[in-house]
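Single-letter residue listing:
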Amino acid sequence: MIFTHDTEHALAVVVDLINTSAAASGAEELDGLPGLRAFIGRNAFSDVPDLTEADVAQARRLRDQFHAVFRATDVPTAVRLVNEVIGGVRATPHLTDHDGYDWHVHFFAPGAPMGEHLAADCGMALAYVVAAGELDRLRTCEAPDCSRVLVDLSRNRCRRYCDSRTCGNRMHVAAYRARQREAAH
Ligand SMILES: [Zn+2]
Ligand SMILES: [Zn+2]
């Protein structure tokens with residue numbers, strides 16, 4: 001494990017959030033409350049208060065801020081972007097073992113609105129990545145027609161493609177065909 005379990009979980013949430021955007025996946029998935037509820041449901045958020053359209057707008061704003069961190073090409077830029085997110089959020093760090101998970105740290109206040117939850121926990125996860133000198137693990141998929149993001153948690157930093165069903169497989173097939181063409185010559 002490269003980061004702590006909490007951080008890796010929060011990073012998976014960040015990746016999923018960014019990949020709901022048209023900029024990353026070609027289609028806007030957070031186009032209303034059903035989209036936000038689906039995102040929250042598949043990421044098993046705890047303690048979610050009632051959601052409103054304001055939460056959708058807030059999630060989309062944060063999504064843009066997180067995406068900018070993935071696209072930052074140098075550390076000072078990433079630092080400024082992460083600080084913009086976590087500098088303005090109310091955080092109440094506490095240990096919790098909700099829903100059968102082992103002890104882990106939540107930064108968001110219990111019952112906090114969705115935006116605070118995302119800004120505090122996902123913002124802190126990105127802060128840890130930058131502080132650990134691991135910014136280059138935040139990547140954009142290298143498949144030619146894919147702009148999804150990923151976090152490379154492999155030991156040898158070799159992950160280049162996103163999790164989407166198509167990218168990894170497709171690139172394996174392309175590499176295989178290229179080798180076959182070489183062999184045929
Ligand atoms: Zn938790
Ligand atoms: Zn991809």
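Scroll up to find the structure.
Residues numbered from 1 in each chain as written. Chains lettered and ligands numbered in written order. Predicted model: local features only at pLDDT ≥ 70, side-chain atom pairs only at ≥ 80, totals over all residues. Heavy atoms only, no water.

1. Examining the overall build of the chain
Helix and strand content of the chain: seven helices and four strands. Scaling as 2.2 N^0.38, a compact globule of 185 residues should have a C-alpha radius of gyration of about 16 Å, and the chain matches this with 18 Å. The dimensions of the chain, computed from C-alpha atoms along their principal axes, are 65 × 35 × 35 Å. Taking the contacts inside the chain whose residues are at least 6 apart along the sequence as the reference set, 51% of them involve residues at least 24 apart. Total accessible area computed for the chain in this model is approximately 10,100 Å², and 53% of it derives from carbon and sulfur atoms. (Helix = DSSP H or I, 4+ residues; strand = E, 2+ residues; numbered from the N terminus. Rg over C-alpha atoms; globule rule 2.2 N^0.38 Å. Contact = heavy atoms within 4.5 Å. Areas by Shrake-Rupley, 256 points an atom, 1.4 Å probe, with all protein chains shown as cover.)

2. Points about the coordination of the zinc ion (ligand 2)
Around the zinc ion (ligand 2), the protein supplies Cys-141 (SG), Cys-146 (SG), Cys-162 (SG) and Cys-167 (SG) as donor atoms, at distances of 2.2 to 2.4 Å. Because the angles between the four donor atoms bound to the zinc ion (ligand 2) fall within 104 to 119°, the donor set is best described as tetrahedral. Donor residues binding the zinc ion (ligand 2) come from one chain and are separated in sequence as C-x4-C-x15-C-x4-C. Taken together, the positions of Cys-146 in the loop between strand 3 (138-140) and strand 4 (149-151) and Cys-162 in the loop between strand 4 and helix 7 (165-184) put the pair 16 residues apart, joining distant regions of the chain. The pair Cys-146 / Cys-162 is uniform in exposure class, with both members buried. (Donors = N, O, S within 2.8 Å, 3.2 Å for Na, K, Ca; no water. Tetrahedral: all angles 85-135°; square planar, octahedral: opposite > 155°, others 65-115°. Buried < 20%, exposed > 50% of the residue type's maximum accessible area, 1.4 Å probe, protein only.)

3. Considering helix 1 (residues 5-18)
Taking 1.5 Å of rise per residue, the 14 residues of helix 1 would be expected to cover 20 Å, and the 20 Å separating its terminal C-alpha atoms lies within 8% of that figure. Most of helix 1 is tucked away: ten of the 14 residues are buried. Among the residues making up helix 1, those that are buried are Thr-7, Glu-8, Ala-10, Leu-11, Val-13, Val-14, Val-15, Asp-16, Leu-17 and Ile-18. Packed against the buried residues of helix 1 are helix 2 (22-25), helix 3 (33-42), helix 4 (53-71), helix 6 (114-131) and strand 4. (Expected span 1.5 Å × (residues − 1).)

4. Quick notes on the packing of aromatic side chains
Aromatic ring pairs are described here by two measures, namely the spacing of the ring centres and the angle between the planes. Per the counting criterion, the structure on display carries one aromatic pair. Plain terms: the ring middles of Phe-39 and Phe-45 are 5.7 Å apart, the flat faces sit at 55° to each other, and that makes the pair tilted. The two residues Phe-39 and Phe-45 agree in class, both being buried. (Phe/Tyr/Trp six-rings, centres within 6.5 Å; stacked < 30°, edge-to-face > 60°.)

5. Description of helix 5 (residues 75-87)
Compared with an ideal rise of 1.5 Å per residue, which puts 13 residues at 18 Å, helix 5 spans 17 Å between its outermost C-alpha atoms and is within 8% of the ideal. Among the residues making up helix 5, those that are buried are Ala-78, Leu-81, Val-82 and Val-85. The buried residues of helix 5 all sit within an arc of 95° when viewed along its axis, so they share a single face. Turned more than 90 degrees off the buried face of helix 5, the exposed positions are Pro-76 and Gly-87. Of the surrounding elements, those touching the buried residues of helix 5 are helix 4 and helix 6. (Arc of directions from axis to C-beta.)

6. Some points on the coordination of the zinc ion (ligand 1)
Here the zinc ion (ligand 1) is held by the protein donor atoms His-98 (NE2), His-104 (NE2) and His-106 (NE2), which lie 2.0 to 2.1 Å from it. Site description for the zinc ion (ligand 1): donor spacing in sequence, H-x5-H-x1-H. Each member of the pair, His-104 as well as His-106, is classed as buried.

7. Quick look at the pattern of salt bridges
Throughout the structure, instances matching the rule amount to twelve salt bridges. Salt-bridge contacts for Glu-84 lead to Arg-80; the nearest nitrogen and oxygen are separated by 3.3 Å. Placement of the pair is Glu-84 and Arg-80 together in helix 5, with a separation of four residues, close to one helical turn. Owing to a relative accessible area of 44%, Glu-84 belongs among the partly exposed residues under this scheme. The shortest N-O distance in the salt bridge between Asp-136 and Arg-157 comes to 2.9 Å. With Asp-136 in the loop between helix 6 and strand 3 and Arg-157 in the loop between strand 4 and helix 7, this residue pair connects regions lying 21 residues apart in the sequence. By relative accessible area, which is 33% here, Arg-157 ends up partly exposed. (Salt bridge = Lys/Arg side-chain N within 4 Å of Asp/Glu carboxyl O.)

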